[in-house]
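# Topology and contacts: notes
Here's the letter readout for the chains.
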Amino acid sequence: MGRSKMNAMQNPLFDFLTRLGANNNRPWFQEHKSEFDALREQWYADLDRLIAVMTTEIPELASQTGRTASYRIYRDTRFSLDKTPYKTYFSALISPWGRKLDRAAYYIHVGIEDCGLYTGIWNPPSPMLRKLRHAMIDNIDEFEEIINNPALKEYFHDWAGDRLKTVPKGWDRNHPYAHLLRLKDIGLVNTIGRDFFNNPDWPEVAARRLLLTRPLVDFLNYSIDEETF
């Protein structure tokens, strides 16, 4: 069935991931490897379309492809109590520097439990996080203008990731921007449902939404690179 008719039915990726979740073992996966390979190739192609749209405004992304942006489905179980070998989601991180980086970037997550478009930086090293906290507070007018942009807030209106229970050491516990200082991950999320991916044009729609967050990504990366004296 052609992609143009996919909006009449659920994206087959979710059916596969649901069955994988119920049979998360190597024998089952190997038996269905050809199905996985076909879905992965379609995922790469969809991401190529998404990246192509984003490249029109961020030329530095031209070196990236769906294949280079995608994470593997195989879980790293070395330090986890959960020894199931496979992830039950597809995901990708889009940035000019590839997937492995301590910088702000764009992330897409498509799973059986949740789906979302994310933007920002996750789990930054402590020195970098301290630097970003100061950058937000020292430039709070600029930062608030970015995150309160109505076009952005139409989709990205929730902070993603973990938060401290209290403000970090060295800051007034009653600081007016305590909600920002408590962030451990500085990123926004556009939570989306499975129906989003039934639209054959979802890569272009996702790209346009992610591009709305470019000022936030640029602010964070400029702050990371800025020399302090």
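In what follows, the accompanying structure is described. (Residues numbered from 1 in each chain as written. Predicted model: local features only at pLDDT ≥ 70, side-chain atom pairs only at ≥ 80, totals over all residues. Heavy atoms only, no water.)

## Overview of the pairing of strand β5 (residues 186-192)
Extensive coverage of β5 is indicated by the burial of 6 of its 7 residues. Alignment of strand β3 (residues 115-121) against β5, held across 7 bridges, turns out to be antiparallel. Counterpart to I121 in the pairing with β5 is I186. Summarising the sheet, strand β4 (residues 158-160) and β5 pair through 3 bridges and their orientation is antiparallel. Counterpart to W159 in the pairing with β5 is L188. (Buried < 20%, exposed > 50% of the residue type's maximum accessible area, 1.4 Å probe, protein only. Helix = DSSP H or I, 4+ residues; strand = E, 2+ residues; numbered from the N terminus. Pairing = 2+ DSSP bridges.)

## Considering the pattern of salt bridges
Scanning the model with the defined rule gives 11 salt bridges in all. Put simply, R40 and D37 hold a salt bridge, and the shortest N to O gap is 3.2 Å. Separated by 3 residues within a single helix, R40 and D37 lie in helix α3 (residues 33-55), roughly one turn from each other. Judged by relative accessible area, which is 24%, R40 ranks as partly exposed. Taking relative accessible area as the criterion, D37 reaches 24% and is therefore assigned partly exposed. Close ionic contact of D46 with R49 constitutes a salt bridge, the shortest N to O distance being 3.5 Å. Of this pair, D46 and R49 both sit in helix α3, 3 residues apart, roughly one helical turn. For D46, a relative accessible area of 3% gives the class buried. The exposure class assigned to R49 is partly exposed, which follows from its relative accessible area of 26%. (Salt bridge = Lys/Arg side-chain N within 4 Å of Asp/Glu carboxyl O.)

## Side note on the packing of helix α6 (residues 140-147) against helix α10 (residues 214-225)
As a packed pair, α6 and α10 sit with axes 9 Å apart at the nearest point and diverge in direction by 150 degrees. Between α6 and α10, the angle falls in the class roughly antiparallel. α6 and α10 meet at a crossing whose hand is left-handed. Of the residues in α10, those touching α6 at E142, F143, I146 and I147 are P215, L216 and F219. (Axes fitted to C-alpha atoms, helices over the stretch in contact; angles between N-to-C directions. Parallel < 35°, antiparallel > 145°, perpendicular 65-115°, else oblique. Left-handed = near helix turned anticlockwise from the far one by under 90°. Contact = heavy atoms within 4.5 Å.)

## Remarks on the side chain of Q64
Take Q64: it is sitting in the loop between α3 and α4 (66-69). Among the polar contacts made by the side chain of Q64, one reaches the side chain of S63 at a distance of 3.2 Å. Looking at Q64, its side chain comes within polar contact range of the side chain of T68, at 3.3 Å. For Q64, the residues in contact, after removing those within four places along its chain, are I51, S95, P96 and G98. (Polar contact = N/O pair within 3.5 Å; in protein donor to acceptor, adjacent residues only side chain to side chain.)

In short, the description is geometric, and any link to function would need to be established separately.
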